[in-house]
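What follows is each chain in one-letter form.
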Amino acid sequence: MKSKFKAFTIVEFLIAVGVVALMIFGIIVIINPREGMRNIRDTIRLSDLTSLEADISKMVIETGESVDLDGPYNHNTCYGESNQTIYLSLVDPTSSSCQGLINKGELSPPPPGWKYHCVISEGHLRDINGQGWIPLDFFKYVPTPLSGLPVDPVNSAKQNLYYEYICHQGNGFELNLSRFESEKFVTQCRMDGGDDPYVYERGMNLNLFPLSRDVIACYRFDESKEQVAVDSSEYKNHGTLFNTLDFIAGKFETALNLDGIDSYALVSEFIIPESGNFTISFWIYPFDKPGRCFMSMVDKNGQEILSCFRKSINFILGVEHKQIVYPEIPALKWTYFVLQRKGNHFYVYINGKLKGTIKLSSPLKAKYLLIGASPKPKFFPPQAENYFYGLIDEFRIYNTVLSPEKIRYNYLIGR
Ligand SMILES: [Ca+2]
Ligand SMILES: [Ca+2]
Ligand SMILES: [Ca+2]
C-alpha cells in the first residue's frame with residue numbers, strides 16, 4: 001500500500017509540474033503576447049535545425065563519405081567547388097538563383113564567389129527528394145526519412161527570417177539561421193561552437209559559411225599567425241601586427257592583446273568607401289590607463305584623418321576639424337563600440353545605444369587603418385604612438401549602414 005501511495009504522489013507531482021509550466025508559459029504569452037510568440041517561433045527554429053543536423057549527420061556517418069550532399073539536381077555546388085552555393089529555404093518563382101528577391105531588394109546579393117539557390121515553386125519547398133530547399137535526396141540514403149523539410153516559421157526574405165545550407169563533399173555541411181526574433185535566444189549565436197559569433201550555426205562543419213558581401217573586413221584575432229591580422233571576410237585584406245602579445249581569451253574566442261608600450265595593428269590598403277556609408281564595429285576592453293588611442297585612420301599622404309579615444313573622436317577631414325564626444329568607455333569591462341557614417345553624419349553607438357553624432361560633409365579618404373595607436377605626425381608610411389593598453393576583438397568593417405536594431409542585436413549576443 002505504501003509503495004502504491006508513493007507512486008501516485010510522483011505521478012501527481014509530475015502532473016502538477018506540467019500544469020505549472022503550462023501556466024507560466026501561458027502567463028508569458030498573455031503578458032507579452034508578441035514576445036511570447038517570438039519565443040515560440042525561436043524554440044521551433046532551434047528544434048528544426050537540431051533535427052535537420054541530426055538527420056543529415058546520421059546519413060553521412062552511416063553511409064561513409066559517399067553521400068551526394070548537393071543532391072541529384074545540382075553539380076559542383078558544395079564549398080570550394082566551381083559553383084559553390086548557399087541554399088536558402090526561400091521561394092523565388094522567377095529564378096532559382098534568387099535574382100527576383102535580390103531585384104526586389106529583399107535579399108542582398110551573395111558574397112563574392114558564391115551563388116544563392118532558391119526553390120522556384122512553393123509546392124516543392126519541403127520536398128526530400130532533392131527538389132526541396134535542401135538539395136539532398138533523402139530517400140536514397142534512409143529507408144524512412146523525415147516527412148518533409150522544416151522551414152522557418154516565418155520564412156521571409158523581406159523579414160530576414162529563413163534557414164541556409166552549405167555542403168562540403170567529404171567534409172560535412174553547415175546550417176545557419178538568418179536571425180532569432182526574441183532577445184532571450186540571441187546568446188545562442190555565440191554559444192554554438194561556430195566561427196561567427198553573430199550567427200546561429202549548426203552542422204558537422206561550422207566553418208563553411210562566408211561572411212556577407214557587406215562585411216569588407218573582419219579581424220577576429222582567433223588564428224594565431226605570426227604578425228598577421230587575418231581578415232576572415234571574402235576580401236582577405238590582412239593586416240600586420242607590430243609587437244603584439246599572444247592573443248588571449250577575448251569576447252569571442254581570443255582577442256588582440258595590446259601592451260600600451262609599442263604594439264598595434266596596421267591595415268595598409270584600407271578599403272573604406274571614400275564618401276559613402278560604412279559601419280565599423282568591435283569589442284573593446286581597456287586596461288586601467290587613460291588617454292590612449294584605440295583606432296585611427298591616415299590618408300595616402302600620411303595625414304591623420306581621425307583618431308578614437310575613450311571619451312571622444314577627433315576628426316580632421318579637409319578643412320573640417322571637429323570632435324564627437326560620448327560617455328567614457330569604462331576600464332576592465334567589455335564594451336561594444338560602433339562608428340558609423342550615413343551621408344554627412346557620423347554616429348557612435350556604445351553597447352547598442354546611440355551616444356554621439358556629428359555632421360561632417362568632407363569625404364573620408366583613408367588609406368591606412370591603425371588599431372591600437374594613432375600615427376606620429378609627419379611620418380610616412382605611418383608610424384605609431386599613443387599606444388592603447390587593452391584588448392580588442394571581432395573588429396568588423398561594413399560598407400553599409402547597420403540598422404540600430406542590428407547593432408542592438410549584435411550587442412545583446414555578446415552582452
Ligand atoms: Ca555562432
Ligand atoms: Ca560558420
Ligand atoms: Ca576573437
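Everything below is about the structure printed above this text.
Everything quoted here is computed from the prediction, not taken from an experiment.

Draft legend 1. Molecular detail of the sheet that holds strand β16 (residues 320–325). Spatial ordering of the open sheet is given by β7-β8-β11-β20-β13-β14-β15-β16, a layout of 8 strands whose pairing is antiparallel. Of all strands in the sheet, those with a lone pairing partner are β7 (228–229) and β16, marking the two edges. Judged from the 3 bridges that link them, strand β14 (residues 304–308) and strand β15 (residues 312–317) form a sheet pairing that is antiparallel. Each residue of the ladder has a partner; that of L306, found in β15, is F315.

Draft legend 2. Summary view of the sheet that holds strand β4 (residues 173–177). On the basis of which strands lie adjacent, the open sheet formed by 5 strands has the order β2-β1-β3-β4-β5 and mixed pairing. Strands with a single pairing partner mark the edges of an open sheet, and in this sheet they are β2 (115–119) and β5 (200–203). Along the sheet, successive strands turn relative to each other by an average axial angle of 25°, direction set aside. Note that strand β3 (residues 163–167) and β4 share 5 bridges and pair antiparallel. Directly across from E164, in β4, lies its bridge partner N176. Helix-sheet contacts for helix α2 (residues 33–62) involve β3, β4 and β5, and the interaxial angle to β4 is about 175°.

Draft legend 3. Looking closely at unusual backbone geometry. Note that the residue after F380, namely P381, is joined by a cis bond; omega there is -5°. Looking at where P381 falls in the secondary structure, it is placed in the loop between β21 (374–375) and β22 (384–385). The phi torsion at N160 lies on the positive side, around 55°, for a residue other than glycine. Mapped onto the fold, N160 is located in the loop between β2 and β3. Judged by C-beta crowding, with 13 C-beta atoms within 10 Å, N160 ranks as partly exposed. Not every positive phi belongs to a glycine, and E394 is a case in point at roughly 45°. Inspection of the secondary structure puts E394 in strand β23 (residues 389–398). With 26 C-beta atoms counted inside 10 Å, the residue E394 sits in the buried group.

Calculation rules
Residues numbered from 1 in each chain as written. Chains lettered and ligands numbered in written order. Predicted model: local features only at pLDDT ≥ 70, side-chain atom pairs only at ≥ 80, totals over all residues. Pairing = 2+ DSSP bridges. Helix = DSSP H or I, 4+ residues; strand = E, 2+ residues; numbered from the N terminus. Axes fitted to C-alpha atoms, helices over the stretch in contact; angles between N-to-C directions. Contact = placed C-beta atoms within 7 Å. Buried ≥ 20, exposed ≤ 12 C-beta atoms within 10 Å, placed from the backbone.

Such coordinate-based values are descriptive only and should not be taken to indicate function.
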